[in-house]
Amino acid sequence: QDQDQHPVLFAFFGDGAMSHGNLHSAFKLATTRHLPIVFVLNNNGLAIRTGVEYQSPLPSLTPTAAGYGMPAEIIYPNFDVATNWRAVKRAADYCRTGNNGPYFLEFKTECRESGHNAHETASMGGYVPRELRLEERGRNPLAHCALSLKIMRLLDAAVEKELTEEVETRIKEAFEAKKNFTAP
């Protein structure tokens, strides 16, 4: 019920967006108007092919949020679904309480598993070492969670298949709803 009465917007973006003025305008608007927005940064260290060290002198982009007066936290490593969920819940609860305004979450990964764009995946070998890509695959939060549930005998192949199909259906429905959406 609290979610219905006090909705929170989640804004997802990559580390490359941190160098764009539009995002900083959104930070300023959200903080000065105390808007309930959770800004979620997926920091994989690459803005397309540009390393994060060329965007910021700091090892993390979270201090930027402090400059706008936003509470922030870094989630690293981020392959544990329960840890990720708790961080998201903290942020959403903060935004729903009183007139607090936005919250900033930085999810740090070592690299991305695929290319920045669909056409780029095959050429990743040129700038992301194969060993690092393979290592990162082992940190996939969903695969990690599924394995943990299988070890605890809370997930079997049939339930996993059913859940996967349900998620795929929901994603397709969301894309269809987006296609049919018209702004007021």
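Details of the structure are given in the entry above.
Rules behind the numbers
Residues numbered from 1 in each chain as written. Predicted model: local features only at pLDDT ≥ 70, side-chain atom pairs only at ≥ 80, totals over all residues. Heavy atoms only, no water. Helix = DSSP H or I, 4+ residues; strand = E, 2+ residues; numbered from the N terminus. Buried < 20%, exposed > 50% of the residue type's maximum accessible area, 1.4 Å probe, protein only. Polar contact = N/O pair within 3.5 Å; in protein donor to acceptor, adjacent residues only side chain to side chain. Phe/Tyr/Trp six-rings, centres within 6.5 Å; stacked < 30°, edge-to-face > 60°. Contact = heavy atoms within 4.5 Å. Salt bridge = Lys/Arg side-chain N within 4 Å of Asp/Glu carboxyl O. Pairing = 2+ DSSP bridges. Right-handed = clockwise from strand over helix to strand, strands pointing away. Axes fitted to C-alpha atoms, helices over the stretch in contact; angles between N-to-C directions. 1 Å grid on protein atoms, 1.4 Å probe; cavity = no way out; pocket = protein on both sides within 12 Å on 5 of 7 lines; lining within 4 Å. Points joined across faces, edges and corners; volume = space filled by probe spheres on them. Nonpolar A, V, L, I, M, F, W, Y, C, P; charged D, E, K, R; others polar. Expected span 1.5 Å × (residues − 1). Arc of directions from axis to C-beta.

Relative to the helices and strands, N100 is located in the loop between α4 (81–96) and β6 (103–108). Residue classification places N100 among the partly exposed positions, given a relative accessible area of 31%. Sequence separation between N100 and P71 is 29 residues, and the spatial gap between their C-alpha atoms is 9.7 Å. Among the polar contacts made by the side chain of N100, one reaches the main-chain carbonyl oxygen of Y94 at a distance of 2.8 Å.

Under the defined criterion, the tally for this structure stands at eight aromatic pairs. Counting every residue linked through ring pairs, the aromatic cluster contains F13, F27, F39, Y68 and F104.

This part takes up the side chain of N43. With respect to the helices and strands, the residue N43 is situated in strand β2 (residues 37–43). The exposure class assigned to N43 is buried, which follows from its relative accessible area of 2%. Within the structure, the side chain of N43 is placed 2.7 Å from the side chain of E106, a separation counted as a polar contact. When residues no more than four places from it in sequence are discounted, the contact partners of N43 are D15, V52, L61, E106, F107, K108 and T109.

For the rest of this paragraph, the subject is the pattern of salt bridges. Within this structure, the stated rule accounts for six salt bridges. The salt bridge involving K89 is made with D93; its shortest N-O contact spans 2.7 Å. Within this pair, K89 and its partner D93 are both found in helix α4, separated by four residues, close to a single helical turn. When its relative accessible area of 31% is taken as the criterion, D93 is described as partly exposed. E160 serves as the salt-bridge partner of K150, at 2.9 Å between the closest nitrogen and oxygen.

This part is about the pairing of β2. Most of β2 sits out of view: six of its seven residues are buried. Sheet analysis places strand β1 (residues 9–14) next to β2, joined by six bridges and oriented parallel. Looking across to β2, one finds that G14 is bridged to N42. After leaving β1, the chain enters helix α2 (residues 21–32) and then returns to the sheet as β2, a path that is right-handed. Pairing between β2 and β6: six bridges, direction parallel. Within β6, the residue paired with N42 across the bridge is F107.

Spatial ordering of the open sheet is given by β1-β2-β6-β5, a layout of four strands whose pairing is parallel. Both outer strands of the open sheet, β1 and β5 (72–75), are each paired with one neighbouring strand and no more. Shown here is a sheet whose adjacent strand axes are inclined to one another by a mean of 20 degrees, direction ignored. Along the sheet, α2 makes contact with β1, β2 and β6, crossing β2 at roughly 150 degrees. Its contacts with the sheet put α4 on β1, β2, β5 and β6, and the angle it makes with β6 is roughly 165 degrees.

The calculated volume of the second largest pocket comes to roughly 340 Å³. Around the second largest pocket sit L142, A143, C145, A146, L149, L155, E160, L163, T164, V167 and E168, which together line it. Those elements that provide at least two residues to the lining of the second largest pocket are α6 (141–151) and α7 (157–180). Across the lining of the second largest pocket, the residue classes tally to eight nonpolar, one polar and two charged.

Moving on, we come to α2. Helix length check: α2 (12 residues) gives 16 Å between terminal C-alpha atoms against 16 Å at 1.5 Å per residue, within 8%. Buried within α2 we find L23, F27, A30 and T31. One side of α2 holds all its buried residues, which, seen down the axis, span an arc of 95 degrees. Along α2, exposed side chains directed more than 90 degrees from the buried face belong to N22 and K28. Elements that come into contact with the buried residues of α2 comprise β1, β2, α3 (63–67) and β6. Once α2 ends, the next one or two residues include H34, with phi positive near 55 degrees.

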